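Fold and contact review
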Amino acid sequence: MTLLYFAWVRQKLGTGEEKILLPDEVRTVSELASHLHARGGAFADVFSDLKRLRAAVNQEHVSWDASVRTGDEVAFFPPVTGG
Amino acid sequence: MSTRISIQRVDFDLSSEVTALKTSAVGAIVIFTGTVRGDDGLSSLILEHYPGMTEREIARHVEEANGRWPLLGVTVIHRIGKLTTGENIVLVGVASAHRQAAFEAAEFLMDYLKTRAPFWKSEERHGSARWVEARGSDDAALSRWRRAD
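Residues numbered from 1 in each chain as written. Chains lettered and ligands numbered in written order. Predicted model: local features only at pLDDT ≥ 70, side-chain atom pairs only at ≥ 80, totals over all residues. Heavy atoms only, no water.

Residues and elements named next belong to chain A. Here strand β1 (residues 2-5) shows a buried face lined by T2 and L4 and a second buried face lined by L3 and Y5. Two strands pair when backbone bridges link them, and β1 and strand β5 (residues 73-77) are joined in this way by four bridges, in the parallel orientation. For T2, the partnering residue across the bridge sits in β5 and is E73. (Buried < 20%, exposed > 50% of the residue type's maximum accessible area, 1.4 Å probe, protein only. Helix = DSSP H or I, 4+ residues; strand = E, 2+ residues; numbered from the N terminus. Pairing = 2+ DSSP bridges.)

Laid out in structure tokens, this is it:
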């Protein structure tokens, strides 16, 4: 699975992209966020309040209860501010 | 309907974008451009985006606009990278036979760009950078396009 981070999420984590093996027990985007939160450090900080974050699976906006599968591209980012 | 979507570092030229939208059936062209506002000592912006998702998200909304209004052409250009005060950021151009469809579709596309397209702005003031927070008024602008069905 590919994880992508943008804007302050990327800056706080110090990386924009990583590959991980999806643990069996992680089935949704919010479970993935909890899994990343458990890493501690900057990850605990970024994933402590999901209200500040948005997520996309395979380049589509999703809600936190959306499912994730091996091979998915999952992105975490703040609410968008373009235009 | 012709569609042009471009995410680019370089500036765009308004008159050539208008010309590109002009075909014999077109009677109305609405162009919106957003520029970098120099308020509160802002010196520059850095725009970041999610390559791939950005283009798909914009294309989806162009398709939706095309389903709602009788459009003949749509151009969406969004710049990325470092932009200084007064520079162009975004262009939405809509061509239709009549003005109402062109005005409405341009507004619809801008409201969606503001709230759904994965771009993020970092503002630089007096040498320090800060990520821009999303505004509730942009979500409110979007909600008026939601259909009851």
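Tallied over the entire structure, the rule returns 19 salt bridges over all chains. The residue E107(B) makes a salt bridge to R144(B) at a minimum N-O spacing of 3.0 Å. Of the two residues, E107(B) sits in helix α3 (residues 99-116) while R144(B) sits in the segment after α4 (136-143), which places them 37 residues apart along the sequence. When its relative accessible area of 41% is taken as the criterion, E107(B) is described as partly exposed. Across the pair E123(B) and R130(B) runs a salt bridge, and its minimum N-O distance is 3.2 Å. A single salt-bridge network, built from bridges that share partners, covers E60(A), R56(B), E57(B), R60(B) and R116(B). (Salt bridge = Lys/Arg side-chain N within 4 Å of Asp/Glu carboxyl O.)

Facing 25 residues of chain B, the contacting portion of chain A comprises 20 residues. Broken down residue by residue, the surface that chain B buries against chain A is led by Y50(B), W120(B) and W131(B), which jointly contribute 35%. Linking chain B to chain A there are three salt bridges. Here E60(A) ties to R60(B) by a salt bridge, and the two come within 3.7 Å at their closest N and O atoms. Summed over the shared surface of chain B and chain A, the result is 13 residue pairs in polar contact (both at pLDDT 80 or more). (Contact = heavy atoms within 4.5 Å. Buried area = accessible area lost by both parts, 1.4 Å probe. Polar contact = N/O pair within 3.5 Å; in protein donor to acceptor, adjacent residues only side chain to side chain.)

A word on the side chain of E57(B). For E57(B), the location among the structural elements is in helix α2 (residues 53-68). Classification of E57(B) as buried rests on a relative accessible area of 2%. In terms of polar contacts, E57(B) uses its side chain to reach the side chain of R60(B), at 2.4 Å. The contact partners of E57(B), leaving out residues within four places of it in the chain, are Q59(A), H61(A), R116(B), A117(B) and P118(B).

So, on to the packing of aromatic side chains. Residues and elements named next belong to chain A. Tallying each qualifying case throughout the model produces 12 aromatic pairs over all chains. Arranged with centres 6.2 Å apart and planes meeting at 15 degrees, the rings of W64 and F76 form a pair that is stacked. Taken as a pair, W64 in the loop between β4 (60-62) and β5 and F76 in strand β5 lie far apart in primary sequence, 12 residues in all. Its relative accessible area of 23% is what places W64 among the partly exposed residues. Overall, F76 belongs to the buried group, its relative accessible area being 0%. (Phe/Tyr/Trp six-rings, centres within 6.5 Å; stacked < 30°, edge-to-face > 60°.)

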